[in-house]
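This is what each chain is made of:
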Amino acid sequence: QVQLVESGGGLVQAGGSLRLSCAASQSTSHIYAMGWYRQAPGKQREWVATITSGGTTTYADSVKGRSTISRDNANNTVYLQMGNVKPEDTATYYCIAHTSSGRYWGQGTQVTVSS
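Residues numbered from 1 in each chain as written. Predicted model: local features only at pLDDT ≥ 70, side-chain atom pairs only at ≥ 80, totals over all residues. Heavy atoms only, no water.

I would appreciate a short explanation of the sheet that holds strand β7 (residues 67–72) in the present structure.
Strands in a sheet are paired, the pairing made by backbone hydrogen bonds, and the direction either parallel or antiparallel. Judged by pairing direction, the sheet is antiparallel, and its four strands sit side by side in the order β1-β3-β8-β7 without closing on themselves. In this open sheet, the two strands that pair with only one neighbour each are β1 (4–7) and β7. Strand after strand, the sheet turns through a mean of 15° between neighbouring axes, direction not considered. (Pairing = 2+ DSSP bridges. Helix = DSSP H or I, 4+ residues; strand = E, 2+ residues; numbered from the N terminus. Axes fitted to C-alpha atoms, helices over the stretch in contact; angles between N-to-C directions.)

In structure tokens, the structure reads:
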């Protein structure tokens, strides 16, 4: 079982940047993909970005070009860097790990973008 703990959320001004972290309880080298989802109030959870064990990254159109997902296997951590944030980026951001035993979610970290 993998436990994930997100951090880095908070209040950000529009146009600013944020960096979210997701610390895994075990080596991320044994997790074949990790990613980020987000859920805004009253909306469904939506996928944001994924990074595979090989380092391949993919992004939702809504964040592409202004976001970077990265992983630090030495520290069992995945990051999401987002620039030029917009009020519509306001959501709870969740980390996900894909393993051979299933998918695991973190508890989420709130991001609020003020206009």
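Once the structure has been displayed, the description carries forward.
Would you take a moment to explain the side chain of Arg 66 for this structure?
With respect to the element layout, Arg 66 can be found in the loop between β6 (57–59) and β7. Setting aside its immediate chain neighbours within four residues, Arg 66 contacts Gln 81, Met 82, Gly 83, Asn 84, Val 85, Lys 86 and Asp 89. (Contact = heavy atoms within 4.5 Å.)

So what exactly am I meant to see when it comes to unusual backbone geometry here?
Residues other than glycine predominantly adopt negative phi, and peptide bonds predominantly adopt the trans conformation. At Asn 76, a residue that is not glycine, the phi angle is positive and equals roughly 55°. For Asn 76, the position within the fold is in the loop between β7 and β8 (77–82). Backbone geometry places Asn 84, a non-glycine residue, at a positive phi of 45°. Position of Asn 84 relative to the elements: it lies in the loop between β8 and β9 (91–99).

How do you make sense of the environment of Gly 108 when you look at a structure like this?
Considering the arrangement of structural elements, one finds Gly 108 in the loop between β10 (102–105) and β11 (109–114). Given a relative accessible area of 16%, Gly 108 falls into the buried group. With 72 residues separating them along the chain, Gly 108 and Trp 36 place their C-alpha atoms 9.7 Å apart. In contact with Gly 108, other than residues within four places in its own chain, are Glu 6, Thr 92, Tyr 93 and Tyr 94. (Buried < 20%, exposed > 50% of the residue type's maximum accessible area, 1.4 Å probe, protein only.)

Which parts of the structure should I look at to understand the pairing of β9?
Each regular strand shows side chains that alternate between the opposite faces of the sheet. Summarising burial for β9: nine of the nine residues are buried, a large majority. With seven bridges joining them, strand β4 (residues 33–39) and β9 adopt antiparallel strand pairing. Across the sheet, residue Ala 33 finds its bridge partner in β9, namely His 98. Sheet topology note: the β9/β11 ladder contains three bridges and is antiparallel. Bridge pairing links Tyr 93 to Thr 109 in β11. The sheet contact formed by β9 and β10 spans four bridges and is antiparallel. Within β10, the residue paired with His 98 across the bridge is Arg 103. What sits between the antiparallel neighbours β9 and β10 is a turn of two residues.

Is there a simple way to think about the pattern of salt bridges in this case?
Working definition: two side chains of opposite charge can pair if their charged atoms are close together. The final tally for this structure, using the stated rule, is four salt bridges. The residue Arg 38 makes a salt bridge to Asp 89 at a minimum N-O spacing of 2.9 Å. A residue pair is termed long-range when its members are at least 10 positions apart, and Arg 38 in strand β4 and Asp 89 in the loop between β8 and β9 qualify at 51 residues. A single burial state applies to Arg 38 and to Asp 89, both of which are buried. Members of the salt-bridge network, linked through shared partners, are Arg 38, Glu 46, Arg 66 and Asp 89. (Salt bridge = Lys/Arg side-chain N within 4 Å of Asp/Glu carboxyl O.)

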